[in-house]
Amino acid sequence: MTNRAQVTICRQPDATLGFSTIPGAVQQLAQNTLKAYGGRASTAEVWRQWVEPQDVVGFKVTSAPGASAGTRPAVVRALIESLIAAGHPGQQIIIWDRRLAELQDAGFGRLAQEL
């Protein structure tokens, strides 16, 4: 049997201004989306239903277009911060894409070091 992917579309108009992200609004968007998709009252409960502390959680991003057109580092930051706040060890979280240089250029290397 093949598992089917699920896609959740979320919108929050104040999460960006031009091509710049507004961190607080992006964080709220991520939290609301996780709770709605996971059907729980808190993001911690959502993460705990999906992953165990020993699991490695990978965030696949699209970094080739850069930080303003590909996967936004602010979105990945919000997701990872909520996962860490739920008690998941930071060393069990990875951010990945096809090319390391593109990850670095889009700001994901810096993000990984900060978190």
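Thresholds, definitions, all that
- Residues numbered from 1 in each chain as written.
- Predicted model: local features only at pLDDT ≥ 70, side-chain atom pairs only at ≥ 80, totals over all residues.
- Heavy atoms only, no water.
- Helix = DSSP H or I, 4+ residues; strand = E, 2+ residues; numbered from the N terminus.
- Buried < 20%, exposed > 50% of the residue type's maximum accessible area, 1.4 Å probe, protein only.
- Lys, Arg positive; Asp, Glu negative; His and termini not counted.
- Salt bridge = Lys/Arg side-chain N within 4 Å of Asp/Glu carboxyl O.
- Polar contact = N/O pair within 3.5 Å; in protein donor to acceptor, adjacent residues only side chain to side chain.
- Contact = heavy atoms within 4.5 Å.
- Phe/Tyr/Trp six-rings, centres within 6.5 Å; stacked < 30°, edge-to-face > 60°.
- Lys NZ or Arg CZ within 6 Å of the ring centre and 35° of its normal.

1. Some points on the side chain of Arg72
Tracing the backbone through its elements, the reader meets Arg72 in the loop between strand E3 (57-60) and helix H3 (73-85). Buried and unpaired, Arg72 has Asp14 as its nearest opposite-charge partner, separated by 12 Å. There is a polar contact of 3.0 Å between the side chain of Arg72 and the backbone oxygen of Ser68. The contacts of Arg72, once residues within four sequence positions are left out, are Thr16, Phe19, Thr21, Ala67 and Phe108.

2. Some remarks on the packing of aromatic side chains
Under the defined criterion, the tally for this structure stands at three aromatic pairs. Taken together, the ring pairs connect Tyr37, Trp47, Trp50 and Phe59 into an aromatic cluster. Sitting over the ring of Trp96, Lys60 keeps its end group 5.7 Å from the ring centre.

3. Examining the pattern of salt bridges
A full pass over the atoms with the stated rule returns three salt bridges. When the shortest N-O distance is used, the salt bridge between Glu81 and Arg77 registers 3.5 Å. Placement of the pair is Glu81 and Arg77 together in helix H3, with a separation of four residues, close to one helical turn. Overall, Arg77 belongs to the partly exposed group, its relative accessible area being 27%. Look at the salt bridges and you will find they share partners, linking Arg77, Glu81 and Glu114 into a network.

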